[in-house]
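# Report on the structure
Here's the letter readout for the chains.
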Amino acid sequence: MLSKSNHENVPDTSQEPHPWLEEKVYSRLRQRTIDLVKRSVDALRKDKQRISLSTVAAKSKEFDIEGNGKGISESAILDNQEARAYYEQHRTWQSTRKKRANPVVVASSTLPRQIKPDRDEQRARQRYLRMSKEALVERLLAVERTFAEERERWLMQQDEVLTWRLRAEAAEARLRKK
């Protein structure tokens with residue numbers, strides 16, 4: 001077992017690298033990572049391709065002259081603050097929202113309630129976003145069915161209105177003849 005005095009005298013090399021390593025090796029590697037990330041992201045954006053860690057890492061192999069086409073790893077992007085910031089600024093992937101522990105229970109009736117024209121659409125949007133895909137499909141099918149029935153009813157009414165209008169015009173024409 002080491003005594004306290006012996007342990008204090010041992011220099012801690014894990015804290016900071018040697019200054020010459022920082023200057024000659026690490027800063028160059030950090031800058032190489034930043035440059036490759038920027039070039040790769042810019043090329044992917046220009047080609048209108050998806051920007052993710054894997055696509056940036058793959059694209060970096062095309063631009064890596066210094067490393068003989070080795071490119072950079074995904075972890076190198078994440079461990080380099082400036083490279084990570086540039087990647088996150090331009091990535092097309094967005095993190096998924098936390099799943100709710102308890103899914104929202106939807107009323108047993110999938111038929112929509114009476115919808116007011118001046119309803120708060122933002123609240124409705126949030127309610128729909130909390131619903132499961134299956135519940136949304138059932139609700140959509142019910143709304144489509146209702147829409148089809150309402151349209152059929154409207155067409156029948158319009159047909160009836162047209163019939164009465166034609167009868168009225170014919171009756172007026174007969175009255176004028178007399």
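Predicted, not measured: the structure shown is a model, and the values here were computed from it.

This part is about the side chain of Thr 55. Residue position: Thr 55 is located in helix H3 (residues 53-63). With sequence-adjacent residues up to four places away left out, Thr 55 is seen in contact with Leu 44 and Arg 50.

Before going further, it helps to examine the packing of aromatic side chains. Following the criterion strictly, the structure yields 0 aromatic pairs and no others. Just above the ring of Tyr 128 sits the side chain of Arg 127; from NZ or CZ to the centre is 5.7 Å. Across from the ring centre of Trp 164, 5.0 Å away, lies the NZ or CZ of Arg 167, which sits over that ring.

Another point: the nonpolar core. Within soluble globular proteins, side chains that are nonpolar tend to cluster in buried spots. Ranked by internal contacts, the top residues of the largest apolar core, which has 15 residues, are Val 37, Val 41, Ile 51, Val 56, Ile 72, Ile 77 and Tyr 87. At the level of secondary structure, the elements contributing two or more residues to this core comprise helix H2 (19-46), H3 and helix H5 (81-90). If one sorts the elements of this core by residue count, H2 sits on top with 6 residues. Leave out the neighbours within four places in its chain, and Val 41 touches Ile 51, Val 56, Tyr 86 and His 90.

With that out of the way, let us pick up the confidence of the model for the protein. Averaged over every residue, the pLDDT of the protein is 79; residues scoring 70 or more account for 74%. Ranking the elements of the protein by mean pLDDT puts helix H1 (residues 4-9) last, at 46, and helix H7 (residues 133-177) first, at 92. Across residues 1-10, where pLDDT falls below 50, the model places 1 contact with residues more than four positions away in sequence or in other chains.

This part is about the pattern of salt bridges. Scanning all chains against the criterion turns up 8 salt bridges. A salt bridge links Lys 38 to Glu 82; its shortest N-O distance comes to 3.7 Å. Taken together, the residues Lys 38 in helix H2 and Glu 82 in helix H5 connect sequence positions 44 residues apart. Glu 172 is the salt-bridge partner of Arg 176, the closest N and O atoms lying 3.5 Å from each other. Remark: Glu 172 and Arg 176 occur in helix H7; sequence separation between them is 4 residues, near one turn of the helix.

The next thing to look at is the environment of Ile 72. Within the secondary structure, Ile 72 sits in the loop between H3 and helix H4 (74-79). Judged by its relative accessible area of 7%, Ile 72 is buried. Ile 72 sits 35 residues away from Val 37 along the chain, and the two C-alpha atoms are 8.2 Å apart. Look past the residues within four positions of Ile 72 in its chain and what remains in contact with it is Arg 32, Thr 33, Leu 36, Val 37, Ala 57, Ser 60 and Ile 77.

It is worth spelling out H7 at this point. End to end, H7 covers 65 Å across 45 residues, agreeing with the expected 66 Å (1.5 Å per residue, within 8%). Those residues of H7 that sit buried are Ala 135, Arg 139 and Ala 142. The elements touched by buried residues of H7 are helix H6 (121-130).

So, how was this worked out
Residues numbered from 1 in each chain as written. Predicted model: local features only at pLDDT ≥ 70, side-chain atom pairs only at ≥ 80, totals over all residues. Heavy atoms only, no water. Helix = DSSP H or I, 4+ residues; strand = E, 2+ residues; numbered from the N terminus. Contact = heavy atoms within 4.5 Å. Phe/Tyr/Trp six-rings, centres within 6.5 Å; stacked < 30°, edge-to-face > 60°. Lys NZ or Arg CZ within 6 Å of the ring centre and 35° of its normal. Core = buried A, V, L, I, M, F, W, Y, C linked by side-chain atoms within 4.5 Å. Buried < 20%, exposed > 50% of the residue type's maximum accessible area, 1.4 Å probe, protein only. pLDDT = per-residue confidence, 0-100. Salt bridge = Lys/Arg side-chain N within 4 Å of Asp/Glu carboxyl O. Expected span 1.5 Å × (residues − 1).

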